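Geometric and topological summary
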Amino acid sequence: MNAALYRPGDSPVHRLAPQVKIVAAVVAVLCVVATPREAYWAFGAYLLAIGAVWAVARTPVGWYAPRVLIELPFVLLAFVLPFTGTGERVDVLGVSVSVSGALAGWNILAKGTLGVLVSLTLAATTAPQDLLAGLGRLRMPAVLVTIATLMLRYAEVVVAEAKRMRVARISRGDDPRFLWQAGATARGVGALFIRSYDRGERVHLAMVSRGWSSVPSPEVSRPVRTGPALVVERLAFAYPDGHQALFGVDLRVERGERVAVLGPNGAGKTTFALHLNGVLGGGSGRIEIAGLPVERANLKEIRRRVGVVFQDPDDQLFLPTVRQDVAFGPTNFGVSGPELAARVEAALAAVGMTEAADRSPLHLSGGQRRRVALATVLACDPEILVLDEPSANLEPVARRELAEVLLGLDTTMLMITHDLPYAAQLCPRSVLVDGGVVVADGPTREILGDAELLARHRLELPYGFRLD
Ligand SMILES: Nc1ncnc2c1ncn2[C@@H]1O[C@H](COP(=O)(O)OP(=O)(O)OP(=O)(O)O)[C@@H](O)[C@H]1O
């Protein structure tokens, strides 16, 4: 939705500092609100001023027209008030209308419309992340900036989920235009909010894992890196609802190793991965990344070192363009200017998505999104790359191309996968997780060659696949 509200451009209005535009918009709205409702000339002047800003911003009236529909509730209220108001009444075309009700309706309609137009003008000429940066520069309380950031993404999530559910309903013979489908529509709205809440939470986790923080964090320190890339000792964790997902995981990974994390559904693989850069925590045990303990004081540095590519690329992508999404992580880690541009270009080139830099991630195919999601993490230049189901939903060619990209990286890699041939191709070593513990650890070929071990943990090689 934020992409739908923002209309990229290069006008003087677009180039104005976002904090200046935010202050101007707030002042404009306050002036509108304080204007006496009988000062009709003033409302006309406001409208002219807004029109002048549109002209300078080169945003046509047609761009605003459909979006102005969000003020529909104001219009309905303004329409009802003249009929329900009390006090002196007059006849208009044979209908009795309350004078004070009509004035109240006009007041709401005029001020509501102007307020909405000012907000739309701000949103149309300022990219969402610039708006958030502007709020930050205005020293808005961090909690408000956090809420605004998440509201933007949440709005987008709700719209995307609604579209998907609508398509799914129509494809099963439902026609949401008909009134008798209202019951199904209402149930759909309930499901929509639950689903979008879940996704909103996952998006939040993905943002946090790329160094996003609502509160200013200390500069990233770069302590000397010593020892193995990763050491995990007796890691145990229960979710807030009491469900124990990890029961004491032990793992040691040397630098440059590529390790597959295998295991049946619900084994605890994703829960484990989310601990590696402190997105989940609060259990017991110890994790060290290149000698640095994963604990609150080190989280920024840990998240720079450990990049997690989430299972669903839609959780990872939330900005209007691919380029902005790829720049999100490094920006959080303090990279800017030419270095930032170079990182973004290099990450997009590594995954073969340079051409898509200025497209909306929402308009890409599943395979392309997966590659961009990988680029968003590569741009952070992590020492350890954690991939959750990288080959899921990929067509064979995209799957092979992704394998080539991954084989070309020299980072330490942990790859959670159900795709056993992919594990065999990419990872010399595998760990098998089940019931929240590591049940086997060794060369991938040995683990995949042990049919009994695989069967005990609900794993099997695909039909026709042979280990050479
Ligand atoms: N937010 C949550 N709250 C409570 N329990 C959860 C939550 N997320 C996961 N679990 C539970 O924790 C256990 C481990 O889940 P996890 O997602 O880590 O498994 P997984 O090995 O990644 O599974 P899959 O292969 O299906 O992705 C499961 O039993 C799951 O139901």
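Calculation notes
- Residues numbered from 1 in each chain as written.
- Predicted model: local features only at pLDDT ≥ 70, side-chain atom pairs only at ≥ 80, totals over all residues.
- Core = buried A, V, L, I, M, F, W, Y, C linked by C-beta atoms within 7 Å.
- Buried ≥ 20, exposed ≤ 12 C-beta atoms within 10 Å, placed from the backbone.
- Helix = DSSP H or I, 4+ residues; strand = E, 2+ residues; numbered from the N terminus.
- Domains from an automatic or database assignment.
- Near = placed C-beta within 6 Å.
- Nonpolar A, V, L, I, M, F, W, Y, C, P; charged D, E, K, R; others polar.
- Pairing = 2+ DSSP bridges.
- Right-handed = clockwise from strand over helix to strand, strands pointing away.

Attention now moves to the nonpolar core. If you look at the biggest cluster of nonpolar residues, it comprises 77 residues, and the most contacted ones within it are V261, A375, V386, L414, M415 and A423. In terms of residues, this core owes the most to one element, helix 16 (residues 366-378), which gives six residues. Both domains that furnish three or more residues to this core are identified here as domain 2 (153-209) and domain 3 (230-457).

Moving on, we come to the site of the ligand. Taken together, Y239, D241, H243, A245, G263, N265, G266, A267, G268, K269, T270 and T271 are the residues near the ligand. Here the element with the most residues in the shell around the ligand is helix 11 (residues 269-276); it accounts for three residues. Of the residues in the shell around the ligand, the class split is three nonpolar, seven polar and two charged.

Below, the discussion takes up the pairing of strand 10 (residues 412-416). Within strand 10, five of the five residues are buried, which leaves the element mostly enclosed by the surrounding structure. In strand 10, alternate side chains face the same way, and those of T412, L414 and I416 on one face and M413 and M415 on the other are all buried. With four bridges connecting them, strand 5 (residues 258-262) and strand 10 associate as parallel partners. By the bridge assignment for strand 10, A260 is matched with M415. Judged from the five bridges that link them, strand 9 (residues 384-388) and strand 10 form a sheet pairing that is parallel. Looking at strand 10, one finds that V386 is bridged to L414. Handedness of the strand 9-helix 17 (residues 396-407)-strand 10 crossover: right-handed.

The next point concerns unusual backbone geometry. Of note, the phi angle at R58 is positive, near 50°, even though the residue is not glycine. With respect to the helices and strands, R58 occurs in the loop between helix 4 (40-57) and helix 5 (61-64). Overall, the presence of 15 C-beta atoms within 10 Å leaves R58 in the partly exposed class. Despite not being glycine, L93 has its phi angle at roughly 50°, a positive value. With respect to the secondary-structure elements, L93 resides in the loop between strand 1 (89-92) and strand 2 (95-98). You can call L93 exposed: it has 5 C-beta atoms within 10 Å.

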